[in-house]
Amino acid sequence: MKKLNAAERQMQIINLLNKNGAMKTLDLANYFHVSRETMRRDLLALTEQGLIDKWFGGVICADQLTQHPVIYEDMKTWLQSGHKTSNKKEIPVPPSEKKPETDTASPKMQIARKALSLLTHGSTIFLDSGETSLCLARLIAQLSGYTIITASIPVINVCMGSQNQVIICGGVLAPQVQASAGTFAADFLNQLNMDAAVFESEGFQASSGPTSSDLDYSQVQKAALQNARLRIVLAESSKAGYSSLTQFAVWENIDCLVTDSCLDPTFRNKYANTLRIVFADSL
């Protein structure tokens, strides 16, 4: 990556957060190859402008940006011109009729729908923590007969009122991923046999497999991986542009990656013979 000035770096931070929802300060520093102190200054500047908020040890785009990504183009212009403001009211107010994340046209929902088509009806499934897994949970919650095993609090909330059985993995709460984690949750999963495990990756640029931002939660993912017959990873193609804290699997142990057709061709060619890659936006 070429050396960026502060304005260019901050513009790309907003872009990454719009795509990925939330990231840790250390992961951002590693992505841009800058010190943590430099990244803290960038994040402080963006926070003062009302563009991002602190979130569970990391940062997330302010609600207005997360729900209305079209504002990013305005922010891009402002940052490039060196514009600074500490008044959130100066941010343009978007139209109210923007599409929600559950729209079938959203990349995450497209990936979730494709993943659902790979699962056998009525099967026992481990659902990972993450936004795309949550989209899949919303789809399954409209159906019946599945057994959902999860440590994710948002997934539990979505599925608990459905006509599916929900099995909850206990453990210590990991706020970063909004899920229970650690050895207790992993030991529980090691007692179970699952038809499928559906994971998310928080990046896989510099690794030989999908990664997680939380060490304790990665124990849960590894246990699910070992006890499922079908292993699926959900990830938008942008995730190939960076990696997170810890790798929880190698691609050779993953049966299928569901992504979009913008995936880096280098990655496709490297794993074409060992990994089934399914593009959710292709017929």
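Cut-offs and rules
For every chain, the first residue of the written sequence is number 1, and numbering continues from 1 along that sequence. Restriction of local features to residues with pLDDT of at least 70 applies here, the model being predicted, together with a cutoff of 80 or more for giving and counting side-chain atom pairs; totals for whole chains, interfaces and linings are based on all residues. Just so you know, side-chain values use all the structure's heavy atoms and leave hydrogens and water out. When DSSP finds two or more bridges between two strands, those strands count as paired. Going along the chain from the N terminus, every DSSP run of H or I of four or more residues is numbered as a helix, and every run of E of two or more is numbered as a strand. Whenever a helix is involved, its axis is fitted only over the stretch in contact; in every case the axis is a line through C-alpha atoms, and angles between N-to-C directions fall within 0 to 180 degrees. Only the six-membered ring of Trp is used, alongside the rings of Phe and Tyr, when aromatic pairs are assigned; centres must lie within 6.5 Å, and planes under 30 degrees apart are stacked while those over 60 apart are edge-to-face, with the rest tilted. Each residue is assigned to one of three classes by its accessible area relative to the maximum for its type, calculated with a 1.4 Å probe on protein chains only: buried under 20%, partly exposed between the two thresholds, exposed over 50%. Handedness rule for crossovers: strands pointing away from the viewer, path from the first strand over the helix to the second running clockwise, crossover right-handed. We define a nonpolar core as any set of buried Ala, Val, Leu, Ile, Met, Phe, Trp, Tyr and Cys residues linked to one another through side-chain atoms lying within 4.5 Å. Note on contacts: a residue pair is in contact if any heavy atoms of the two residues lie within 4.5 Å. Any angle that falls under 35 degrees is termed roughly parallel, while one over 145 is termed roughly antiparallel, one within 65 to 115 roughly perpendicular, and all others oblique. Throughout, the ten residues Ala, Val, Leu, Ile, Met, Phe, Trp, Tyr, Cys and Pro are labelled nonpolar, Asp, Glu, Lys and Arg are labelled charged, and all others, Gly among them, are labelled polar.

A. Focus on the sheet that holds strand 6 (residues 163–168). Strand order across the open sheet formed by seven strands is 6-5-4-9-11-13-14, with parallel pairing between neighbours. Bordering the open sheet on either side are strand 6 and strand 14 (276–279), each of which pairs with just one other strand. Across the sheet, the mean angle from the axis of one strand to that of its neighbour is 25°, orientation sign disregarded. Where strand 13 (residues 256–259) and strand 14 come together, four bridges link them in parallel fashion. The residue of strand 14 that forms the bridge with Val258 is Val278.

B. Region of interest: the packing of aromatic side chains. Taken as a whole and assessed by the stated rule, the structure comprises eight aromatic pairs. Where Phe126 meets Phe199, the ring centres are 5.9 Å apart and the plane angle is 45°; that geometry is what we call tilted. Highlighted residues: Phe126 in strand 4 (residues 124–127) and Phe199 in strand 9 (residues 194–200), separated in sequence by 73 residues. Residues Phe126 and Phe199 agree in their burial class; the two are buried. Relative to Phe267, the ring of Trp251 has its centre 5.4 Å away and its plane inclined at 80°; by these criteria the two rings are edge-to-face. Of this pair, Trp251 sits in the loop between strand 12 (246–247) and strand 13 while Phe267 sits in helix 11 (residues 265–271), and the two are 16 residues apart along the sequence. Taking relative accessible area as the criterion, Trp251 reaches 0% and is therefore assigned buried. Take Phe267: its relative accessible area is 9%, and that puts it in the buried class.

C. How the structure looks around the pairing of strand 4. Of the two faces of strand 4, the one holding Thr124 and Phe126 and the one holding Ile125 and Leu127 are both buried throughout. In this fold, strand 4 hands off to helix 7 (residues 131–141), which returns the chain to strand 5 (residues 144–150); that crossover is right-handed. Where strand 4 lies against strand 9, three bridges are found, and the strand directions are parallel. Counterpart to Leu127 in the pairing with strand 9 is Val198.

D. Spotlight on the nonpolar core. In this structure, Phe126, Leu189, Phe199, Tyr217, Trp251, Leu257 and Phe267 are the most contacted members of the largest nonpolar core, which totals 34 residues. If you list the elements that add at least two residues to this core, you get strand 8 (179–181), helix 9 (183–189), strand 9, helix 10 (215–226), strand 11 (228–234) and helix 11. It is helix 10 that provides the largest number of residues to this core, a total of five residues. Leaving out residues up to four positions away in the same chain, Leu189 has contacts with Phe126, Ile149, Cys169, Met194, Val220, Ala223, Ala224 and Asn227. With 26 residues, the next largest nonpolar core counts Ala112, Leu127, Cys135 and Ile140 among its residues.

E. Highlighting the packing of helix 2 (residues 25–32) against helix 3 (residues 36–48). At a minimum axis separation of 9 Å, helix 2 and helix 3 run at an interaxial angle of 110°. By the angle between their directions, the pair helix 2 and helix 3 is classed as roughly perpendicular. Contacts from Thr25, Leu26, Leu28, Ala29 and Phe32 of helix 2 reach helix 3 at Arg36, Met39, Arg40 and Leu43. A class-by-class count of the residues in the contact of helix 2 with helix 3 yields six nonpolar, one polar and two charged.

F. Quick peek at unusual backbone geometry. The phi torsion at His33 lies on the positive side, around 55°, for a residue other than glycine. Take His33: it is sitting in the loop between helix 2 and helix 3. When its relative accessible area of 64% is taken as the criterion, His33 is described as exposed. Not every positive phi belongs to a glycine, and Gln178 is a case in point at roughly 55°. In this fold, Gln178 is placed in the loop between strand 7 (172–174) and strand 8.

Purely spatial values, then, with no claim about function.
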